[in-house]
Amino acid sequence: MVQVGLTGQNQKRIMMNTEYNLNHLDELEAESIFVIREVAAQFERPAILFSGGKDSIVVTHLAAKAFAPARIPMPLVHIDTGHNFPETMAFRDALVERLNARLVVGSVQETIDAGRVQEESGVHASRNRLQTTTLLDTIEAHGFDACIGGARRDEEKARAKERFFSHRDDFGQWDPKNQRPELWNLFNGRHRPGEHYRVFPLNNWTELDIWNYIAREQIDLPSLYFAHERDCVVRGETILAWSEYLNMRPDEVKERMQVRFRTLGDLTITGAIRSDADTVEKIAAEVAATRITERGGRMDDRRSSTAMEDRKKEGYF
């Protein structure tokens, strides 16, 4: 409260000396909510890209906070590869019902059936790259001009090049050398018809920040993130969850293991880690001690040294 009789200079000094006691997570949360609200203010048809992974769940939680007590004013968009973890799909449907959110689903299987893409074959076959066409078709069909994603700069070297507002041309492609400057959190969302933006409110978060925030906010997650027993297949240095969609080599066998997943994606490329971390607190401690990135077990990122950047230039998440 400003005291009566203080001069303007004294009032300014009091405001400058005020301690807000914002901790690190509070600052990250405030920044992300600001970005999400900027999207709602600047764009006509925004959406949230929802994979069912922890980062997209945190983004959805932040969006719910940003617009409370109203419901989230933009749909959740899920690109269904047809090879998803059943646990992810069940979690998605329960979350949508609880939030009374609108869900838009793009089907990779429908894209294959329409002849838009061709199913991969062989041991390393995956539908991960096929998602790009389905995603771009879904964006065009619904006229989305901004798609909020859960990517973070610490995930992978190509992710580190992203701005908060990441411009995509009218073919949905990303040019890392042709992005808008972002000074003092001033975001330029201007775009021509057909162009759109990918927006990343979690850019400045780390994996450990995510887990500490999940613990603080008590955010529900799919059971896949916690240590559990399941049938797995060891392929080189990667542990894959066994499923009917996995094309196994003659010498590969199912093994029962206790594992958890640090990142979620298509069943055929998402690597697990051996772990006994069955609580958020144990996972946070495990993440703090590891020296391997969370995408280190993703088979799709190992196809080439620039695999992620190549996919992003084509329109990937």
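Our structure's up above, just so we're on the same page.
Here's a quick rundown of the structure.

Criteria and cut-off values
- Residues numbered from 1 in each chain as written.
- Predicted model: local features only at pLDDT ≥ 70, side-chain atom pairs only at ≥ 80, totals over all residues.
- Heavy atoms only, no water.
- Pairing = 2+ DSSP bridges.
- Helix = DSSP H or I, 4+ residues; strand = E, 2+ residues; numbered from the N terminus.
- Axes fitted to C-alpha atoms, helices over the stretch in contact; angles between N-to-C directions.
- Parallel < 35°, antiparallel > 145°, perpendicular 65-115°, else oblique.
- Contact = heavy atoms within 4.5 Å.
- Nonpolar A, V, L, I, M, F, W, Y, C, P; charged D, E, K, R; others polar.
- Right-handed = clockwise from strand over helix to strand, strands pointing away.
- Core = buried A, V, L, I, M, F, W, Y, C linked by side-chain atoms within 4.5 Å.
- Buried < 20%, exposed > 50% of the residue type's maximum accessible area, 1.4 Å probe, protein only.
- Phe/Tyr/Trp six-rings, centres within 6.5 Å; stacked < 30°, edge-to-face > 60°.
- Lys NZ or Arg CZ within 6 Å of the ring centre and 35° of its normal.

**A closer look at the sheet that holds strand β7 (residues 228-235)**
Then comes step 1: In space, the four strands of this closed barrel follow the order β7-β8-β10-β9, with antiparallel pairing throughout. Pairwise comparison of adjacent strand axes, ignoring direction, gives a mean angle of 70 degrees for this sheet.
Then comes step 2: Taken together, the two bridges between strand β8 (residues 238-241) and strand β10 (residues 271-274) define a ladder with antiparallel strand orientation. Residue L240 lies in a different strand from β10, and its bridge partner there is G271.

**So, the packing of helix α2 (residues 24-42) against helix α7 (residues 207-217)**
Then comes step 1: Relative to each other, α2 and α7 sit at 95 degrees, their axes nearing to 11 Å. In terms of axis orientation, α2 runs roughly perpendicular to α7. Counted together, H24, L25, D26, L28 and E29 of α2 and D209, N212, Y213, R216 and E217 of α7 form the full contact between these two elements.
Then comes step 2: Partitioned by chemical class, the residues of the contact of α2 with α7 number three nonpolar, two polar and five charged.

**A few points about the pairing of strand β3 (residues 103-107)**
On a regular strand, one side chain projects to one face of the sheet and the next to the other, so that they alternate.
Then comes step 1: Pairing analysis gives five bridges linking strand β2 (residues 76-80) to β3, with the strands arranged parallel. For D80, the partnering residue across the bridge sits in β3 and is S107.
Then comes step 2: In this fold, β2 hands off to helix α4 (residues 86-99), which returns the chain to β3; that crossover is right-handed.

**What to know about the nonpolar core**
Then comes step 1: Counting 56 residues, the largest nonpolar core has F165 and W211 as the members making the most contacts within it.
Then comes step 2: Among the elements that make up this core, the one with the highest residue count is helix α3 (residues 54-67) (seven residues).
Then comes step 3: Membership of the second largest hydrophobic core comes to 13 residues, among which are V77, V108, I112 and V117.

**Re the packing of aromatic side chains**
Then comes step 1: In total, this model carries nine aromatic pairs according to the counting rule given.
Then comes step 2: Relative to F187, the ring of F34 has its centre 6.1 Å away and its plane inclined at 45 degrees; by these criteria the two rings are tilted. Separated by 153 residues along the polypeptide, F34 in helix α2 and F187 in the loop between β5 (165-168) and β6 (196-199) bring together distant segments of the chain.
Then comes step 3: The class of F34 is partly exposed, set by a relative accessible area of 36%.
Then comes step 4: Since its relative accessible area comes to 9%, F187 is described here as buried.
Then comes step 5: Arranged with centres 5.7 Å apart and planes meeting at 45 degrees, the rings of F43 and F165 form a pair that is tilted. Within this pair, whereas F43 is found in the loop between α2 and β1 (46-49), its partner F165 is found in strand β5, the two being separated by 122 residues in sequence. Both residues of the pair, F43 and F165, count as buried.
Then comes step 6: Site record: aromatic cluster; members linked through ring pairs are F34, F43, F164, F165, F187 and Y197.
Then comes step 7: The lysine or arginine in question, R153, covers the ring of F164, its NZ or CZ lying 5.2 Å from the ring centre.
Then comes step 8: Between K254 and the ring centre of W242, over which it is positioned, the NZ or CZ distance is 4.3 Å.

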